[in-house]
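# Analysis of the macromolecular model
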Amino acid sequence: MTTSSDISPVVGRLVELTPDAEADISRLLAQLTDEASADSARISEMLALPHCHLLVARAGERIVGMASVCIYTIPTGRRAWIEDVVVDARWRGHGIATRLVESAIDQARRVSPCTVMLTSCPSRVAANRLYRHMGFGSKETNVYKIEV
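The rules we used
Residues numbered from 1 in each chain as written. Predicted model: local features only at pLDDT ≥ 70, side-chain atom pairs only at ≥ 80, totals over all residues. Heavy atoms only, no water. Core = buried A, V, L, I, M, F, W, Y, C linked by side-chain atoms within 4.5 Å. Buried < 20%, exposed > 50% of the residue type's maximum accessible area, 1.4 Å probe, protein only. Helix = DSSP H or I, 4+ residues; strand = E, 2+ residues; numbered from the N terminus. Contact = heavy atoms within 4.5 Å. Disulfide = S-S within 2.5 Å. Pairing = 2+ DSSP bridges. Axes fitted to C-alpha atoms, helices over the stretch in contact; angles between N-to-C directions. 1 Å grid on protein atoms, 1.4 Å probe; cavity = no way out; pocket = protein on both sides within 12 Å on 5 of 7 lines; lining within 4 Å. Points joined across faces, edges and corners; volume = space filled by probe spheres on them.

Of all hydrophobic cores here, the largest spans 23 residues; its most connected members are Val69, Ile82, Ile96, Leu100, Val101, Tyr131 and Phe136. Residue assignment for this core shows that the elements contributing at least two residues are strand E2 (52-59), strand E3 (62-74), strand E4 (77-87), helix H3 (96-109) and helix H4 (125-133). By residue number, the principal contributor to this core is H3, which donates six residues. Setting aside residues up to four positions removed in sequence, leucine 100 forms contacts with Val11, Leu55, Val56, Ala57, Gly65, Met66, Ala67, Val86 and Val87. Leu14, Leu17, Leu47 and Met66 belong to the second-largest nonpolar core, a separate cluster that totals 17 residues.

Here is the structure:
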């Protein structure tokens, strides 16, 4: 088994969903939330979209971290939403989340000007600290959701 002392993960865009990648993504999503699991059709659909990027941190052949960023334009400007930032518990504390978020921001810079936004549960203390440290500020708003 590869460990954080063996190799420094490389961050890049996932372009093909292999069975191993799907298994790794499923494992990561289980560490992020009880509400989601890897869905190959949904992930493949995302990979085909030109302005949505699934960024992954690879240690050897394994995906040990991920983040998604989708960029879109609305009448009030261009936005990028960063979602599903998660690093495998065994790899946390090595700057991988920072590199994933920086990579997502770099994707947004390619179409600047762009406002980059993300959400994080208040209980994720380390993640919230990271985002503030990276320059993100809180936005006075309510987030609502409905499943349709």
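Let us now look at the state of the cysteines. By definition, a disulfide is the covalent link that joins the sulfur atoms of two cysteine residues. Using the criterion set out here, one finds one disulfide in the structure. Through a disulfide, cysteine 52 is tied to cysteine 70; the S-S separation comes to 2.4 Å. Sign of the S-S torsion, about 125 degrees for the bond between cysteine 52 and cysteine 70, identifies this disulfide as right-handed. Taken together, the residues span a long stretch of sequence, with cysteine 52 in strand E2 and cysteine 70 in strand E3 at a distance of 18 residues. Residue cysteine 70 is classed as partly exposed on the basis of its relative accessible area, which comes to 24%. With no disulfide of its own, cysteine 114 lies closest to cysteine 70 among cysteine sulfurs, the gap being 11 Å. Summary of cysteine pairing: cysteine 121 is not part of a disulfide, and the nearest cysteine sulfur, belonging to cysteine 70, is at 19 Å.

Before going further, it helps to spend a moment on unusual backbone geometry. Cis geometry is found at the peptide bond from serine 112 to proline 113, where omega equals 5 degrees. Assignment of secondary structure puts proline 113 in the loop between H3 and strand E5 (115-118). Located in the positive-phi region is aspartate 84, a residue other than glycine, with phi close to 50 degrees. The topology assignment puts aspartate 84 in strand E4.

With mixed pairing, five strands are arranged side by side in an open sheet as E1-E2-E3-E4-E5. Each having just a single partner strand, strand E1 (10-13) and E5 make up the two edges of the open sheet. Averaged over all pairs of adjacent strands, the angle between strand axes in this sheet comes to 25 degrees, irrespective of strand direction. Bridge count for E1 against E2 is four bridges, and the pairing is antiparallel. Residue pairing across strands places glycine 12 opposite valine 56, the latter belonging to E2. Helix-sheet contacts for helix H1 (residues 19-32) involve E2, E3 and E4, and the interaxial angle to E3 is about 80 degrees.

What follows concerns the layout of surface pockets. Considered as a void within the structure, the largest pocket measures approximately 1,600 Å³ in volume. Contributing to the lining of the largest pocket are 47 residues, with Leu32, Thr33, Glu83, Asp84 and Val85 lying nearest its centre. Only H1, helix H2 (40-48), E3, E4, H3 and H4 provide two or more residues apiece to the lining of the largest pocket. Among the elements that take part in the lining of the largest pocket, E4 stands out by supplying seven residues, more than any other.

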